[in-house]
Amino acid sequence: MQIFPENVSTYGQKIDDLFWLTLVFVMIAFVVSLFVLLYPLIKNRQSNSPKAQYVTGNKMKNFKWVLIALIALLGSDFVILYVEHDTWTEIESLPAKADVHVGITARQWNFIFTYPGPDGILGTADDVVIDEMNSSLHVPINKNVVFELRSQDVIHGFFLANTRLKQDAVPGRTIIRWFNITKEGKYDISCTQICGILHSKMRNFVLAESDDKYKHFTDSLYSANSHKTASN
Amino acid sequence: MSTKQQHLTLSENKIPEGRLGLWILIAGELVIFGGLIMSYLLHRLRYPQWSEMAAHTSTFIGALNTVVLLCSSYTVVRAHEAAQKLDVAKATRWMTCTVLGGLIFLIDKSVEYTHEIQEGFTFTSPSLQHSGDYVNSLFWSYYYIMTGLHSLHVIAGMVVMIIIMVQIKKGKNLHRVELAGMYWHMVDLIWIFLFPLLYIAK
Amino acid sequence: MEMSTHQQSFWNKYIFSTDHKVIGMQYSIMGIIMAGVGGFLAYIFRYNLAYPGQSIPLFGHLAPLQYNAFVTCHGMIMVFWVGMPILLSGLGNLLIPIMIGTDDMAFPTVNMLSFWIFFVSALVLLTSFFVPGGAFGGGWTMYPPFSAGGYLNRNPDFFKALFSGTSLMILAVALEFVAMLMGGINFVVTTINKRAKGMTAFRMPIVVWFLNIASLIFMFSVGPLVAGAFMLLLDNVVGTGFYDPNRGGDPILWEHLFWFFGHPEVYVLLLPALGVLAEILPVFARKPLFAYKPIIYLALVSAVLSVLVWAHHQFVSGIDPRMATFFSIGTILISIPFAGIFLSFMATLWGGSIRMTVPMMWAIGFIALFLIGGLTGLFLGSNTFDIYAHDTYFVVTHFHYTLFPDVFFGFFAAVYFWFPKFTGKTLNAALGKLHFWCTFFFFNGTWFLLFFNGLHGQHRRINDYSSFSLINMEPYMTFEKISTICAILLILSQFIFLYNLFTSLAKTKNPELTKNPWHSATLEWTADSPPPHGNFKVYPEVYRGPYEYSVPGEVDDCYAQNVPGPSFENNENL
């Protein structure tokens with residue numbers, strides 16, 4: 001059994017590694033605490049020790065044991081914080097080079113994708129909007145895909161488990177995040193904020209393709225679109 | 001409860017229970033208004049155009065109301081003094097002045113509300129929305145919720161005063177004059193914050 | 001005490017009573033009833049998760065909107081109508097006056113009013129299930145704009161909007177807050193002003209300290225949410241746009257106002273239950289509580305820190321990434337005082353003479369389960385891992401591993417411990433142990449496997465996972481079924497408790513046997529069993545701290561607080 005779903009992004013492995021690192025600290029703390037809790041229950045039962053020791057714990061001689069444990073916990077906490085901080089910055093800030101721009105708009109109850117058109121820039125007249133159930137966001141692999149996340153109505157969540165990325169889509173705000181998928185495939189996008197009757201059905205896909213296939217897809221998409229605008 | 005044993009159970013501290021309870025209540029009330037004021041301030045900083053909306057509020061009536069509330073706070077202090085000297089008649093007189101102060105405040109407020117509503121500035125400001133001015137309508141929502149909640153506190157304070165006036169006429173609960181006064185000071189204090197935020201900052 | 005002989009009518013004695021013990025029991029009973037409602041809702045949607053689309057025994061078919069409403073109301077009920085009344089108001093009313101050695105609360109009438117406002121709030125909540133459109137279904141966090149402005153059930157008609165599920169929910173929560181505020185003021189004033197002679201601040205039992213700290217945290221964090229809820233109600237009923245981004249409002253404002261209260265709220269629930277542990281562990285280890293004063297200082301530190309960590313619930317909601325680091329550090333810091341308190345509790349057991357009674361088992365079970373809940377919090381406090389784990393079952397499981405032991409193990413520990421004192425009757429110990437083992441085992445069965453579902457990306461509040469390929473597979477669907485079966489058994493196990501409760505209540509009173517069955521040192525055990533209205537025949541005088549067990553050189557291993565003698569306070573240096 002795999003613990004995590006397959007990781008397909010450049011930064012996903014760092015989040016998984018962070019989990020395993022934290023798990024090491026947590027397991028040490030768990031085993032030690034469980035020992036501290038259960039040992040006296042076996043050793044100091046009334047039958048074994050009829051008379052309790054009088055220890056108030058208000059002297060530093062006794063209380064130092066708690067302090068040592070607390071310092072160890074604080075230390076491991078800050079180790080985790082130190083290790084994770086670079087990953088946090090990497091995920092939450094923009095990559096040095098943005099290869100592909102797309103727009104993702106959440107709406108009750110679907111994700112709508114906006115492709116930038118031949119000029120590669122969002123917000124221009126040649127943008128193509130795909131508003132269909134299960135339409136799949138086509139992206140090239142091994143490219144930094146920067147997306148602008150919006151919401152038309154209520155707060156939705158954008159969750160792409162295979163890349164370990166999650167971000168709420170908040171109405172009135174444009175939130176920019178990115179991912180870089182390293183493996184071809186079709187991955188679930190799900191909504192993680194309760195948003196109404198079809199919240200359970202609100203999902204779409206990211207379709208990660210090789211450069212050629214992606215180029216083929218965008219070319220046909222844009223030509224069909226320009227054809228449509230021309231005929232209008 | 002039997003009073004003869006009461007001395008045995010008193011803690012060292014001698015603050016009367018009513019006063020202590022009211023201090024905690026006042027602290028809780030201030031946090032409620034604190035939350036409102038913080039929300040208002042954050043929006044105000046984001047939308048500088050709200051100062052144009054604030055220009056539509058009547059600084060004169062606002063200032064008048066500030067003076068009225070400050071005076072009524074003074075009269076309630078005198079009522080407390082009289083109550084401490086067990087002078088029921090005097091305490092009742094000063095408290096009546098305070099209630100009248102509250103009444104003047106509410107009349108001013110309703111005159112003000114009437115003007116603003118006539119100009120088209122309502123809780124939801126539909127007339128503003130017709131002109132496409134969505135953001136500014138939120139100023140009026142905040143204006144009405146803050147002053148409205150405050151006015152509700154003024155009314156509550158007046159009701160409490162009248163109840164206590166009836167009680168002290170019967171010669172009991174004279175210490176409650178002080179509690180009503182503390183509450184009234186809190187209402188005054190909140191207004192001192194609302195006045196510059198809604199009327200002066202333009 | 002004249003009151004004890006005074007004849008009262010049934011109504012004054014049991015219904016509109018101003019006696020703190022009766023009010024405390026009214027709160028607890030109301031909490032148990034609401035726990036039944038919350039548990040039944042849990043049964044319905046857990047059954048639906050294991051067998052989606054199938055008809056549910058005792059209920060029928062569950063529609064998606066009902067599912068949303070039920071998970072929402074389950075959360076609301078368990079936090080505000082079970083946790084709060086049982087732990088804060090129930091324990092606070094029962095314990096504070098009698099443990100500080102006085103007759104009643106400072107404001108008995110306000111206290112009675114507090115319960116009846118709470119009662120009305122529960123009725124309003126239950127009514128909301130039966131209005132057109134059903135109960136509120138926008139998540140217990142009530143994030144707008146979904147909870148406001150017509151997405152759920154706003155109606156342009158003012159009165160229809162006022163009596164919609166959303167408005168009734170806001171109203172019910174507001175009434176509940178008023179009740180708790182009245183109770184909180186009472187607790188603090190009573191504790192400051194009505195302590196027995198010699199009951200200095202540092203001779204009060206920890207549970208009295210913690211109930212007061214919890215009340216203060218509640219009173220100073222709830223204010224902004226009261227204002228925010230008022231704004232949300234107006235958004236729903238009048239049509240203002242405080243949270244509507246199209247009109248300059250901001251949905252994130254609500255998230256801040258909500259979590260500024262919502263996070264301290266978990267400490268409001270946790271502290272009274274920790275206080276219960278602090279009373280039980282020394283009695284059954286026959287040993288003074290380890291580090292009495294440091295525990296109080298740690299709790300005060302955590303109270304201050306509790307209002308500085310709220311935004312760790314918003315790591316993925318689009319707040320400034322730099323702000324997240326600040327709140328991550330705050331989250332790490334607040335884990336320290338609570339770890340210190342738990343470690344001190346464990347240290348109390350070392351070198352003791354331990355009696356494994358029923359309350360002690362619940363106390364130990366509490367610590368063991370909370371250990372898992374607390375340590376999984378370490379994963380979530382890190383903002384980077386939270387990007388992945390947020391809103392998954394990892395979070396849901398984490399907080400059930402903290403709140404379930406907290407509310408239920410804390411409550412049952414208290415019931416088995418204080419039941420003899422407040423009723424004059426005894427509970428059956430064998431049934432108590434059976435109840436404990438069933439609850440402990442089935443709780444773990446319900447939740448432990450769901451950690452793995454969460455780590456595999458199972459997100460919350462979904463009534464049917466068939467659309468999601470990562471979860472609609474083995475073994476995760478089997479885990480769902482195991483969880484559901486254990487949840488049903490967990491609920492059924494509680495009938496052991498109810499049976500024990502009712503058969504014990506049917507027994508005759510035994511004042512001698514129940515006066516001080518555990519040989520405990522605090523003041524409530526010096527009163528009669530059950531204590532009369534007014535508690536004490538003669539007000540006690542206090543000579544020492546509450547946990548003087550096994551004092552060297554004494555024959556009796558329990559040196560009660562009210563027995564004249566040395567105070568043992570001269571040899572402390574912390």
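Definitions and limits used
Residues numbered from 1 in each chain as written. Chains lettered and ligands numbered in written order. Predicted model: local features only at pLDDT ≥ 70, side-chain atom pairs only at ≥ 80, totals over all residues. Heavy atoms only, no water. Core = buried A, V, L, I, M, F, W, Y, C linked by side-chain atoms within 4.5 Å. Buried < 20%, exposed > 50% of the residue type's maximum accessible area, 1.4 Å probe, protein only. Helix = DSSP H or I, 4+ residues; strand = E, 2+ residues; numbered from the N terminus. Domains from an automatic or database assignment. Contact = heavy atoms within 4.5 Å. Buried area = accessible area lost by both parts, 1.4 Å probe. Salt bridge = Lys/Arg side-chain N within 4 Å of Asp/Glu carboxyl O. 1 Å grid on protein atoms, 1.4 Å probe; cavity = no way out; pocket = protein on both sides within 12 Å on 5 of 7 lines; lining within 4 Å. Points joined across faces, edges and corners; volume = space filled by probe spheres on them. Nonpolar A, V, L, I, M, F, W, Y, C, P; charged D, E, K, R; others polar. Phe/Tyr/Trp six-rings, centres within 6.5 Å; stacked < 30°, edge-to-face > 60°. Lys NZ or Arg CZ within 6 Å of the ring centre and 35° of its normal.

Visitor: Got a minute to help me understand the nonpolar core in this structure?
Guide: Generally speaking, soluble globular proteins have nonpolar side chains that are buried together. Core analysis: the biggest nonpolar cluster contains 314 residues, and Phe179 of chain A, Tyr142 of chain B together with Trp81, Phe210, Leu274, Phe345 and Phe385 of chain C have the highest contact counts within it. Examining the composition of this core, we find that 22 residues originate from one element, helix H3 (residues 64-99) of chain C, more than from any other. Composition of this core by domain shows at least three residues from each of domain 1 (12-92) and domain 2 (100-231) of chain A. Judged by nonpolar contacts, the second largest core, of eleven residues, contains Phe63 and Leu73 of chain A together with Ala339 and Leu343 of chain C.

Visitor: When you look at the interface of chain A and chain C in this model, what are you seeing that I'm missing?
Guide: Think of interface size as the accessible area that goes away when the parts come together; that is how it is often given. Every contact between the two is made by 84 residues of chain A and, on the other side, 100 residues of chain C. Surface buried jointly by chain A and chain C totals about 8,300 Å² across both partners, of which 68% is contributed by carbon and sulfur atoms. Taken together, the links from chain A to chain C amount to two salt bridges. With its nearest N and O atoms 2.9 Å apart, the salt bridge here joins arginine 173 of chain A to aspartate 250 of chain C.

Visitor: I would appreciate a short explanation of the layout of surface pockets in the present structure.
Guide: Any empty space left between the atoms is revealed when a probe the size of a water molecule rolls over them. By volume, the second largest pocket is sized at about 1,700 Å³. Contributing to the lining of the second largest pocket are 48 residues, with Leu22, Leu25 and Glu29 of chain B together with Met182 and Ile185 of chain C lying nearest its centre. Mapped onto the lining of the second largest pocket, the elements with two or more residues apiece are helix H2 (17-46), helix H7 (134-169) and helix H8 (176-200) of chain B together with helix H4 (108-127), helix H6 (165-193) and helix H7 (206-237) of chain C. Of all the elements, H6 of chain C adds the most residues to the lining of the second largest pocket, at ten residues. In terms of residue class, the lining of the second largest pocket is built from 35 nonpolar, ten polar and three charged.

Visitor: Where do I start with the domain arrangement of chain A in this structure?
Guide: Residue and element names in this part refer to chain A. Parsing chain A into structural domains produces domain 1 (12-92) and domain 2 (100-231). In this structure, domain 1 and domain 2 have C-alpha centres spaced 43 Å apart. In this complex, domain 1 contributes six residues to the contact, which on the side of domain 2 involves five residues. Applying the counting criterion to the domain 1 and domain 2 interface returns two salt bridges.

Visitor: Can you walk me through the packing of aromatic side chains in this structure?
Guide: For any pair of aromatic rings, the description rests on two quantities: the centre-to-centre distance and the angle between the ring planes. Counted under the stated rule, the structure contains 106 aromatic pairs over all chains. Judged by centre distance (6.1 Å) and plane angle (50 degrees), the ring pair of tryptophan 50 of chain B and tyrosine 142 of chain B falls under tilted. Residue tryptophan 50 of chain B is located in helix H3 (residues 50-54), and its partner tyrosine 142 of chain B is located in helix H7; the two are separated by 92 residues in the primary sequence. Exposure remark for tryptophan 50 of chain B: the relative accessible area of 0% places this residue in the buried category. A residue is classified by how much of its surface remains accessible, and tyrosine 142 of chain B, at 0% relative accessible area, is buried. Seen in terms of ring centroids, phenylalanine 448 of chain C and phenylalanine 451 of chain C are 5.7 Å apart; in terms of plane orientation they differ by 80 degrees. Their pairing is edge-to-face. Overall, phenylalanine 448 of chain C belongs to the partly exposed group, its relative accessible area being 38%. For phenylalanine 451 of chain C, a relative accessible area of 6% translates into the label buried. Geometry around tyrosine 388 of chain C places arginine 164 of chain A over its ring, the cationic atom sitting 5.2 Å from the centre. Cation over ring: arginine 544 of chain C sits above tyrosine 559 of chain C, and NZ or CZ is 4.0 Å from the ring centre.

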